[in-house]
Structures are given as C-alpha cells and as structure tokens.
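Fold and contact review
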Amino acid sequence: MQNYKDLIVWQKSHLLTLEIYRITRKFPREEQYILTSQLKRACLSVVLNIVEGCGKYTDADTANFFQTSLGSIQETEYCLLLSKELEYINIEEYTKLEKSTGAIKGMLISLIKRIRDRGN
C-alpha cells in the first residue's frame, strides 16, 4: 500500500480532472447527460482507480486497478478529441489536454510494467 498523493501520475490526473470539470462548464446544455457526463466520468475514473489501486495489498491487484486507469485515460482522450471536433473546446485547450493525457498514459504504462516486473 502506498499514499496515492505521492504519485506524480495521480497529481497530474487530479489536475486534468479539475481542468476537465472547468472546461465542461461551457459545453452545450444538451450535452449535459451525454458527452459532458461521459468525459467527467472517464477522467474521474483515472484518478479513482489510481487511489483504489494504492489501497490494495498485492502488486497484482494494484496493477489491475492501474490498468483500468489506463483504459479510462484512453476514453478521456477520445472524448476530448470528439469535443474538439464538435468545437466545444478550442485547439489550444485540446492541445494542452492532449499533452496531459499522453503524459498520464505514459506514466501509467511505465508504472504498470514496473509493478508487474517486480511481481515476477
């Protein structure tokens, strides 16, 4: 078990979540229960699965939760692309968020690999 707040990937995911909550405030009202909701749930899932993984006793369990976070960051990445193409966010916002999702994805992949290698 470890403190999730010490993980840089959690810190970056938390900041991404805050930013996504901020930008989705300006999404069209008709998207409130569709894309806005899905984007918020996806990015929140990244953070929450990191938190839950840090509370597990075995490396295998921790890696599985981080793997779920990886799937959720992929989902977040697509929702952001769709948001850009629907012109709900501008290219500058998209570029910044895309860099964040890419960095988080890379950190999760490295972390999962390190945990799984440690268990072998």
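Preceding this paragraph is the structure being described.
Figured I'd write up the structure that's included with this text. Within each chain, residue numbers correspond to sequence positions counted from 1 in written order. Residue-level local features of this predicted model are given only where pLDDT is at least 70; pairs of side-chain atoms are given and counted only at 80 or more, and the full residue set underlies all totals for whole chains, interfaces and linings. Side-chain descriptors were evaluated using all non-hydrogen atoms of the structure, hydrogens and water having been removed beforehand.

**As for helix α1 (residues 8-23)**
Here is the rule we go by: To qualify as a helix, a DSSP run of H or I must reach at least 4 residues; to qualify as a strand, a run of E must reach at least 2; elements of each kind are numbered from the N terminus. Multiply 1.5 Å by the residue count of a helix minus one, and that product is the helix's expected span. Here the term buried applies to any residue with accessible area under 20% of the maximum for its type, exposed to any over 50%, and partly exposed to those in between, with areas from a 1.4 Å probe on protein chains only. Throughout, a residue-residue contact means that at least one pair of heavy atoms, one from each residue, lies within 4.5 Å.
Its 16 residues give α1 an end-to-end C-alpha distance of 23 Å, which sits within 8% of 22 Å, the value for a rise of 1.5 Å per residue. Along α1, the positions that sit buried rather than exposed are Val9, Trp10, Ser13, Leu16, Thr17, Glu19, Ile20 and Ile23. Taken together, the buried residues of α1 touch α2 (35-54), α3 (59-85) and α4 (91-118).

**Notes on the side chain of Thr62**
Threshold: Between N or O atoms, a polar contact is any pair within 3.5 Å; within protein, one atom must be a potential hydrogen donor and the other a potential acceptor, and residues adjacent in sequence are included only when both atoms are from side chains.
Structurally, Thr62 can be placed in helix α3. Here the side chain of Thr62 touches Gly53 through a polar contact of 3.0 Å, landing on its backbone oxygen. For Thr62, the contacting residues outside a window of four places in its chain are Gly53, Lys56 and Ile115.

**Structural notes on the packing of aromatic side chains**
Two aromatic rings, taken as a pair, are described by how far apart their centres are and by the angle between their planes. For clarity, the threshold we go by: Pairing of aromatic rings covers Phe, Tyr and Trp, the last through its six-membered ring, and needs centres within 6.5 Å; plane angles under 30 degrees mean stacked, over 60 mean edge-to-face, and all others mean tilted. Think of it as a cone above the ring: NZ of Lys or CZ of Arg counts as a charge over the ring if it is within 6 Å of the ring centre and within 35 degrees of the ring normal.
Evaluated as defined, the whole model comprises two aromatic pairs. Ring centres of Phe27 and Tyr88 lie 5.3 Å apart, and the angle between their planes is 50°; this geometry places the pair in the tilted category. With Phe27 in the loop between α1 and α2 and Tyr88 in the loop between α3 and α4, this residue pair connects regions lying 61 residues apart in the sequence. Taking NZ or CZ as reference, Lys84 lies 5.0 Å from the ring centre of Tyr94, over its face.

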